[in-house]
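Analysis of the macromolecular model
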Amino acid sequence: QVQLVESGGGLVQPGGSLRLSCAVSGSFFSAYVMGWYRHPLGKQRELVAHITSSSVTNYVDSVKGRFVISRDNAKNTVYLQMNSLKPEDTAVYYCNRLRAYGFWSWGQGTQVTVSS
């Protein structure tokens, strides 16, 4: 049973930064493309960034140049460095493998609120 534990969210002013972490229990973490997803209140969940096992990355246009996804396969952890945050980045953030593999059970997520 894989468990996903996200952390690092909080309240930040526009223009600020946060670093999210996601610890993944279980084996074979390094085999999967991992993604960070966000779910704004009243909207659909979206994939904002993903990273392959060899750390090739991809981002949705709205976060390009501001967010950086990374992973540490030895620690079974994926990170999301978020800079120049905007109010529209407000959401609950989750990590998971890509939909094509079949999602693992979702973790509790971590709330990011960008507000002055």
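Quick caveat, the model's predicted, so the values are computed rather than measured.

**Focus on the overall build of the protein chain**
- Helix and strand counts for the protein chain stand at zero helices and 10 strands.
- When its helices and strands are written in sequence order, the protein chain yields β-β-β-β-β-β-β-β-β-β.
- Relative to its length of 116 residues, the protein chain is compact, with a C-alpha radius of gyration of 13 Å against a globular reference of 13 Å.
- Projected onto the principal axes, the alpha-carbon positions of the protein chain cover approximately 40 × 25 × 25 Å.

**Overview of the sheet that holds strand β5 (residues 46–51)**
- Judged by pairing direction, the sheet is mixed, and its six strands sit side by side in the order β2-β10-β9-β4-β5-β6 without closing on themselves. The sheet terminates laterally at β2 (10–12) and β6 (57–59), the two strands that pair on one side only. Sheet twist, expressed as the average angle between the axes of neighbouring strands with direction ignored, equals 25 degrees.

**Here's the deal with the pattern of salt bridges**
- Evaluated as defined, the whole model comprises four salt bridges.
- Here D89 and R38 are joined by a salt bridge, their closest N and O atoms 2.9 Å apart. Here R38 lies in strand β4 (residues 34–39) and D89 lies in the loop between β8 (77–82) and β9 (91–97), a separation of 51 residues in the sequence. Like R38, D89 is buried.
- Residues K64 and D61 are paired through a salt bridge, measuring 3.1 Å at the closest nitrogen-oxygen approach.
- By relative accessible area, K64 is classed as partly exposed at 48%.

**Quick look at the nonpolar core**
- Ranked by internal contacts, the top residues of the largest apolar core, which has 26 residues, are W36, I69, V78, L80, M82 and Y93.
- Taken together, the elements giving at least two residues each to this core come down to β3 (18–24), β4, β5, β7 (67–72), β8, β9 and β10 (110–114).
- Looking at this core element by element, the count peaks at four residues for β3.
- In contact with L80, other than residues within four places in its own chain, are L18, R19, L20, W36, V48, A49, F67, V68, I69 and Y93.

**Details of the pairing of β5**
- Sheet topology places β4 next to β5; five bridges connect them, and they run antiparallel. Its bridge partner being in β5, W36 is matched across the sheet by A49.
- If you look at the hairpin formed by β4 and β5, you'll find six residues sitting between the two strands, and G42 has a positive phi there, around 80 degrees.
- Of the strand pairs in this sheet, β5 and β6 are connected by three bridges, and their pairing is antiparallel. Paired with H50 across the strands is N58, a residue of β6.

**Remarks on the sheet that holds strand β1 (residues 4–7)**
- Pairing in this open sheet of four strands is antiparallel, and the strands run β1-β3-β8-β7 from one edge to the other. With one partner strand each, in any of the chains shown, β1 and β7 form the two edges of the open sheet. Neighbour to neighbour, the strand axes of the sheet diverge by 15 degrees on average, direction disregarded.
- Alignment of β1 against β3, held across four bridges, turns out to be antiparallel.

About the thresholds
As a convention, each chain's residues are numbered from 1 in the sequence order in which they are written. In keeping with the predicted nature of the model, local features appear solely for residues at pLDDT of at least 70, side-chain atom pairs appear and are counted solely at 80 or more, and the whole-chain, interface and lining totals rest on all residues. Note that water and hydrogens are dropped before the side-chain values are worked out from all heavy atoms of the structure. A run of H or I in DSSP counts as a helix once it spans at least four residues, and a run of E counts as a strand once it spans at least two, with each numbered from the N terminus. Between the two quantities, the radius of gyration covers C-alpha atoms and the globule rule is 2.2 Å times the number of residues to the power 0.38. We treat two strands as partners when DSSP finds at least two bridges between them. Between N-to-C directions, angles span 0 to 180 degrees; the directions come from axes that are lines fitted to C-alpha atoms, helices contributing only their stretch in contact. The term salt bridge refers to a pairing of a side-chain nitrogen on Lys or Arg with a carboxyl oxygen on Asp or Glu at a separation within 4 Å. We call a residue buried when its accessible area falls under 20% of the maximum for its residue type, exposed when it is over 50%, and partly exposed in between, using a 1.4 Å probe and counting protein chains only. Throughout this description, the term nonpolar core refers to a set of buried Ala, Val, Leu, Ile, Met, Phe, Trp, Tyr and Cys residues connected via side-chain atoms within 4.5 Å. We call two residues contacting when some pair of their heavy atoms lies within 4.5 Å.

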